[in-house]
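Results of the structural survey
For reference, the chains in residue letters:
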Amino acid sequence: MKFTEFNFKPYIQEALKEINFREATEVQEKLIPIVLAGNDLVGESKTGSGKTHTFLLPIFQTLNEDNDQVEAVITAPSRELATQIYQAARQIASHSEKEIRIANYVGGTDKSRQIEKLQVKQPHIVIGTPGRIYDLVASGDLAIHKAHTFVVDEADMTLDMGFLSTIDKIASRLPQQLQFLVFSATIPQKLQPFLKKYLSNPVMEQIKTKTVISDTIDNWLVSTKGRDKNEQIYQLTKTLQPYLAMIFVNTKTRADDLHAYLVAQGLKVAKIHGDIPPRERKRIMNQVKNLDFEYIVATDLAARGIDIEGVSHVINDAIPQDLSFFVHRVGRTGRNGLPGVAITLYQPSDDSDIRTTSPMTLVDSDGNTIEINYILHKDYSCEYRGDDGMNYTDNGDETYTDENGNTYSALNDDTHHLGYTLEQHDLQDANGNTVTVTETTNGDYYFQDENGTGFTYNGDGTWSDENGSSYTEID
């Protein structure tokens, strides 16, 4: 379907022409009409499927440029994603003859200057991270009470990073007559209560993919055969000659080690993980956009907050312990129908047709139990297989169905995630007391100290524990 068939405003069509957007993606073709009709929507589709313009284009189509008020609020779980949405929105707005004010509110920016501007004029479209947007709303400087559209982008990552409570606070300040749009690569079970609370009879659309990984990606599996992985990856870089390659590792320590080695070999390599200070991280991302690097070494959680264009190759230093990350990694390349290459190094001990995680226990209505494993085949297809040899289908609501149509409930749907430590953060309270919190995977990302106290990241460099105490992150 061509974008001209949507009958967008002339300036929107000009903006699309400028960036050579002619044919809508499957997500855009299916979901844009639903958004234009004013429906609440939960859109689930793979990363890199064109979700950003799926909500931006209808927002501009329904925007009243003569109104002096906030009409749309868009949240993203990271500064980088928010900034990319902001840049896409500005590109569209630049073609309008009338002024369209767009604001990007993220942590690490000058809050006092933002307040000064808000006291003069409110933006038409608000984009930003949950923490900063809510700070401005709570202080009374940002008036969102008349907005007609609220977009939560990358909802699964928003949940993963502990921002859902802040999104809840923002939503409570919006009017009841509101179009609520949620976009995500996956819709976790723990997101369901939030969706039921705010969305009114939403259209639930899942854009199913024919394959787990895009057909445009060539997948290579390379056995290390006991060789030094640093040297092996270096030899791969000499063969690949990538436009831009992302190298994923499982730990920050491994990221530091591999980055240092590759730099010592004379390669242009960036490094992204949870210990990189925000200012340094921003500088690195600007350099990435300027093509100052050919390679980016990254951990999973840090990289999930960044949408990097032009990735021609993905190298997996090892198979991740959480196989859901595998799809996110490989999905960095081969986007929008472009070719890509994904290379995964694996140990001789992995030299079998499948890779499984810890088993999950299911129970049927009669109390009978069965254990199933999440299996990743070497062709990157995935499935759940029971000890009885049957395949099981995940119904998305913590229930599973076997080949005979029998339904089971999950007793421990989180067990295949348990124990995989992602990142650690050092925090300090107002009295100078320090604490280290760890991001662990337990069906949902959350932060805990060694005593099991829960912590939430507020999105602006500050943290709160479950008792209400505030902390700042130590760079």
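Calculation criteria
Residues numbered from 1 in each chain as written. Predicted model: local features only at pLDDT ≥ 70, side-chain atom pairs only at ≥ 80, totals over all residues. Heavy atoms only, no water. Helix = DSSP H or I, 4+ residues; strand = E, 2+ residues; numbered from the N terminus. Contact = heavy atoms within 4.5 Å. Buried < 20%, exposed > 50% of the residue type's maximum accessible area, 1.4 Å probe, protein only. Expected span 1.5 Å × (residues − 1). Phe/Tyr/Trp six-rings, centres within 6.5 Å; stacked < 30°, edge-to-face > 60°. Axes fitted to C-alpha atoms, helices over the stretch in contact; angles between N-to-C directions. Parallel < 35°, antiparallel > 145°, perpendicular 65-115°, else oblique. Left-handed = near helix turned anticlockwise from the far one by under 90°. Nonpolar A, V, L, I, M, F, W, Y, C, P; charged D, E, K, R; others polar.

Right, let's get into the side chain of Gln-28. Its location among the elements puts Gln-28 in helix H2 (residues 26-36). If near-sequence neighbours (up to four positions away) are discounted, Gln-28 is found in contact with Phe-3, Phe-6, Glu-23, Pro-33, Gly-50, His-53 and Thr-54.

Before going further, it helps to spend a moment on unusual backbone geometry. Positioned with a positive phi, Glu-154 is a non-glycine residue whose angle comes to about 50°. Looking at the secondary structure, you find Glu-154 in the loop between strand E5 (149-152) and helix H7 (155-160). Taking relative accessible area as the criterion, Glu-154 reaches 12% and is therefore assigned buried. Positive phi values are uncommon outside glycine, yet Gln-241 reaches one of about 50°. Within the secondary structure, Gln-241 is located in the loop between helix H10 (229-240) and strand E9 (245-249). Take Gln-241: its relative accessible area is 66%, and that puts it in the exposed class.

Another point: helix H3 (residues 51-62). For the α-helix, the turn length of 3.6 residues means that residues three or four positions removed from each other point alike. The end-to-end C-alpha separation of H3 is 18 Å, in line with the 16 Å expected for 12 residues at 1.5 Å each. Those residues of H3 that fall on the buried side of the exposure criterion are Lys-51, His-53, Thr-54, Phe-55, Leu-56, Leu-57, Pro-58, Ile-59 and Phe-60.

Evaluation of the coordinates by the stated rule reveals 9 aromatic pairs. When the centroid spacing of 6.1 Å and the interplanar angle of 45° are considered together, the rings of Phe-3 and Phe-6 count as tilted. Accessibility classification places Phe-3 together with Phe-6 in one group, the buried group. Look at Phe-180 and Phe-194: their rings are 5.9 Å apart centre to centre, the planes differ by 75°, and that puts the pair in the edge-to-face class. Here the residue Phe-180 occupies a position in strand E6 (residues 179-184), and Phe-194 occupies one in helix H9 (residues 192-198), the gap between them amounting to 14 residues. We note that Phe-180, like Phe-194, is buried. Each residue in the set Phe-3, Phe-6, Phe-8 and Phe-21 is aromatic and connected to the rest through ring pairs, giving one cluster.

Take the packing of H10 against helix H11 (residues 252-264) next. Across the interface, H10 lies against H11 with an axial gap of 10 Å and an inter-helix angle of 55°. If you check the angle between H10 and H11, you find them oblique. Considering only the axes of H10 and H11, their crossing is right-handed. Seen from H10, the contacting residues are Lys-229, Asn-230, Glu-231, Ile-233 and Tyr-234; seen from H11, they are Arg-254, Asp-257, Leu-258, Tyr-261 and Leu-262. Of the residues that constitute the contact of H10 with H11, the class distribution is 5 nonpolar, 1 polar and 4 charged.

So, to be careful, I would describe these as geometric facts and stop short of saying anything about function.
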